[in-house]
Amino acid sequence: MIRSLNPASGETLARFDAHDAFTVDRRLTAAVAAQRAWRRRPVTERTPLLQAVARVLRKNAERYATLITLEMGKPLVEARGEIEKCAMTCDFYAEHAPAFLNDEPVASAASDSRVVYDALGVLLAVMPWNYPFWQAIRAIAPALAAGNAVVLKHASNVPQCALALDAVFEEAGAPAGLFATLLVESPAVRGLIEDGRIACVTFTGSTPAGRAIASAAGHAMKKQVLELGGSDPFIVLADADIPAAAQAALKARFQNTGQSCIAAKRFIVEHGVADAFADLLSELAGKLVVGDPMAAGTQIGPMARANLRDELHAQVQATVAQGATLRVGGKPLDGSGCFYAPTVLDHVTPHMTAAREETFGPAAAIIRVGSAEEAVDVANATEFGLGAALWTSDLARARRLSREIDAGAVFVNAVVASDPRLPFGGVKQSGYGRELGVHGLREFTNIKTVWTGKSY
Ligand code: NAP
């Protein structure tokens, strides 16, 4: 039984039976048949589907945004932004996929030699709840453009969003079976990966689940992309614009109620400006409007599940017990929803829990350092390597330091974000492979050499 639950109230919204083996089997067979026909179409005949998906997303934006907010609790205004970003990404690939998939002639001893980008087959996408439309669409759009079919196993707490995605593709006129949601729970994933009809896997979620998926896909020898957890550093050097950095830090940590893989989690600040930065961030965090995510003006909704809130609270308590200073927040809020007070921890050291573990919720950890070099060392002293932000007025130094940070992206004087034009992904325990941009599209292609000798 898969349950849709409103985390703002604790109310059960709907219950669904998981798909039985017969339904899963039928959908996989349909995906294979649809993909065989789809890959034969020229890419310019595939991209109109993405334009149609963008139109459907925009037409029904309010309905989908409401569903996101109901099932996982983000403020409605952010859910609206999520749907528009999905539509933009479909438009982006509709426009650019033909160029990204162009043959690339290479000079050689052949009369003609070239690299071509062919489809791989049926992609299994295993996705998390934190951006229920965006995480799925950012994988589906390039995969379909490249000639693949996609089956989606979405997180069990967003089944209505998962089914809505099915309806989006149907309304957009996708060939039957080309995209399908499989309403199954996580123990079914290994069997799906082993199924001969699945060609490749993309996973976004926690590092432990990623490890399980990587081992199953490795055993089955299937191509995989893993977008896992993070503990992104947000470095503030002494020459930074502190009010601007504090405003950006607020957004970087607390948007999506802190439940973003690329949320800044460790604020690494040079001593000379640490008091000013900590005061400002604490003041701003203390003023955030927490409440009904459907209400206009709400900035922080509930966390998506009670267990996630409990885990965050345990991390905050452990960090305080280890000697950190609690500047603001630090407790669950009363009531039936999964609300947690926006929290700022100061005087955190690299060995404390909030610095070592990923904190997936509204809690910022400030670590004070003596120099830019120490800031980079502390930034890299983590098992993760997803994004990083660096605040300084010396752009030449920023460019140099950005090469020393172990991360899939470094944003200078900006908040780390995903953008369809640029590759997105991590290093170390944050995963491997890339999504978005040209690199994300080519992840799910067979990069094939075609060599032609002389004609006889
Ligand atoms: P999670 O437990 O890893 O769940 C993510 C997805 O994986 C869900 O569909 C889940 O299904 C499935 N799953 C869980 N355990 C599995 C297993 N052993 N085998 C196969 N599938 C499994 O993640 P979460 O805790 O809900 O989400 C938060 C985490 O995701 C954070 O660590 C965050 O950093 C990460 N995340 C990363 C990115 C990124 O782009 N790098 C983006 C968003 C989130 P069920 O729901 O049915 O268990």
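Residues numbered from 1 in each chain as written. Predicted model: local features only at pLDDT ≥ 70, side-chain atom pairs only at ≥ 80, totals over all residues. Heavy atoms only, no water.

K.L.:
Give me the lowdown on the overall build of the chain, citing residues and values where you can.
P.N.:
The helix and strand inventory of the chain stands at 15 helices and 18 strands. Radius of gyration (C-alpha) of the chain: 23 Å, near the 23 Å computed for a compact globule of 456 residues. With the C-alpha coordinates of the chain rotated into their principal frame, the extents come out at 75 × 55 × 40 Å. Burial status across the chain gives 57% buried among its 456 residues. Across the chain, contacts joining residues at least 24 apart in sequence account for 72% of those joining residues at least 6 apart. (Helix = DSSP H or I, 4+ residues; strand = E, 2+ residues; numbered from the N terminus. Rg over C-alpha atoms; globule rule 2.2 N^0.38 Å. Buried < 20%, exposed > 50% of the residue type's maximum accessible area, 1.4 Å probe, protein only. Contact = heavy atoms within 4.5 Å.)

K.L.:
So what's going on with the pattern of salt bridges? Residues and values would help.
P.N.:
Enumeration according to the criterion identifies 25 salt bridges in this entry. A salt bridge links Glu171 to Lys59; the nearest nitrogen and oxygen atoms lie 2.6 Å apart. One end of the pair, Glu171, is in helix H6 (residues 159-171); the other, Lys59, is in helix H2 (residues 43-59), and 112 residues separate them in sequence. Using a relative accessible area of 39% as the deciding quantity, one classes Glu171 as partly exposed. In this structure, Arg327 and Asp279 form a salt bridge, with 2.5 Å as the shortest nitrogen-oxygen distance. Of the two residues, Arg327 is situated in strand E12 (residues 325-328) and Asp279 in helix H10 (residues 271-286); the sequence distance between them amounts to 48 residues. It is possible to trace a salt-bridge network through shared partners that takes in Asp275, Asp279, Arg327, Asp346 and Arg368. (Salt bridge = Lys/Arg side-chain N within 4 Å of Asp/Glu carboxyl O.)

K.L.:
Can you explain the side chain of Ser4? Please cite residues and give values.
P.N.:
By secondary structure assignment, the location of Ser4 is in strand E1 (residues 2-5). On the accessibility criterion, Ser4 (0% relative accessible area) is buried. The contact partners of Ser4, leaving out residues within four places of it in the chain, are Glu11, Thr12, Leu13, Ala14, Phe16, Glu71, Pro159 and Gln160.

K.L.:
I'd love a proper account of the nonpolar core, names of residues and values included.
P.N.:
Membership of the largest hydrophobic core comes to 153 residues, with the highest contact counts inside it found for Leu57, Phe133, Val151, Phe169, Phe234, Phe267 and Phe277. Counting residues per element, this core draws most heavily on helix H4 (residues 76-100), at 11 residues. Two domains each provide a minimum of three residues to this core, namely domain 1 (2-228 + 429-452) and domain 2 (232-419). (Core = buried A, V, L, I, M, F, W, Y, C linked by side-chain atoms within 4.5 Å. Domains from an automatic or database assignment.)

K.L.:
An account of the environment of Gly291 is needed here, citing residue identities and associated values.
P.N.:
Position of Gly291 relative to the elements: it lies in the loop between H10 and helix H11 (306-321). A relative accessible area of 16% places Gly291 in the buried class. Taking C-alpha positions, Gly291 is 30 Å from Gly323, a pair spaced 32 residues apart along the chain. In this view, Gly291 contacts Thr298, Ile300, Gly301, Pro302 and Phe339; residues no more than four positions away in its chain are not counted.

K.L.:
Explain the layout of surface pockets to me, using residue names and the numbers behind them.
P.N.:
Empty space within the largest pocket amounts to approximately 960 Å³. Surrounding the largest pocket, 43 residues form its lining, Phe203, Gly205, Ser206, Thr207 and Ala209 being those nearest its centre. Mapped by element, the contributors of at least two residues to the lining of the largest pocket are helix H7 (189-194), strand E8 (200-204), helix H8 (207-220) and H11. Among the elements that make up the lining of the largest pocket, the one with the highest residue count is H8 (7 residues). Both domains that furnish three or more residues to the lining of the largest pocket are identified here as domain 1 (2-228 + 429-452) and domain 2 (232-419). What the second largest pocket holds in volume is close to 670 Å³. (1 Å grid on protein atoms, 1.4 Å probe; cavity = no way out; pocket = protein on both sides within 12 Å on 5 of 7 lines; lining within 4 Å. Points joined across faces, edges and corners; volume = space filled by probe spheres on them.)

K.L.:
So what about the site of the ligand? Which residues, and what values?
P.N.:
Trp129, Ser156, Ser206, Leu228 and Glu358 are the nearest of the 30 residues found near the ligand. Here an oxygen atom of the ligand sits 2.6 Å away from a polar atom, N or O, in the side chain of Ser206. Glu358 has a polar side-chain atom sitting 2.5 Å from an oxygen atom of the ligand. For the ligand, the accessible surface in isolation is 900 Å², of which the surrounding protein chains cover 85%. Taking a 2 Å distance to the grid points as the criterion, the majority of the atoms of the ligand fall inside the largest pocket. Residue assignment for the shell around the ligand shows that the elements contributing at least two residues are helix H5 (134-145), E8 and H8. Element by element, the count of residues in the shell around the ligand is highest for H8, at 3 residues. The residue makeup of the shell around the ligand, split by class, is 15 nonpolar, 10 polar and 5 charged. (Near = heavy atom within 4 Å. Polar contact = N/O pair within 3.5 Å; in protein donor to acceptor, adjacent residues only side chain to side chain. Areas by Shrake-Rupley, 256 points an atom, 1.4 Å probe, with all protein chains shown as cover. Sits in = over half its atoms within 2 Å of the grid points. Nonpolar A, V, L, I, M, F, W, Y, C, P; charged D, E, K, R; others polar.)

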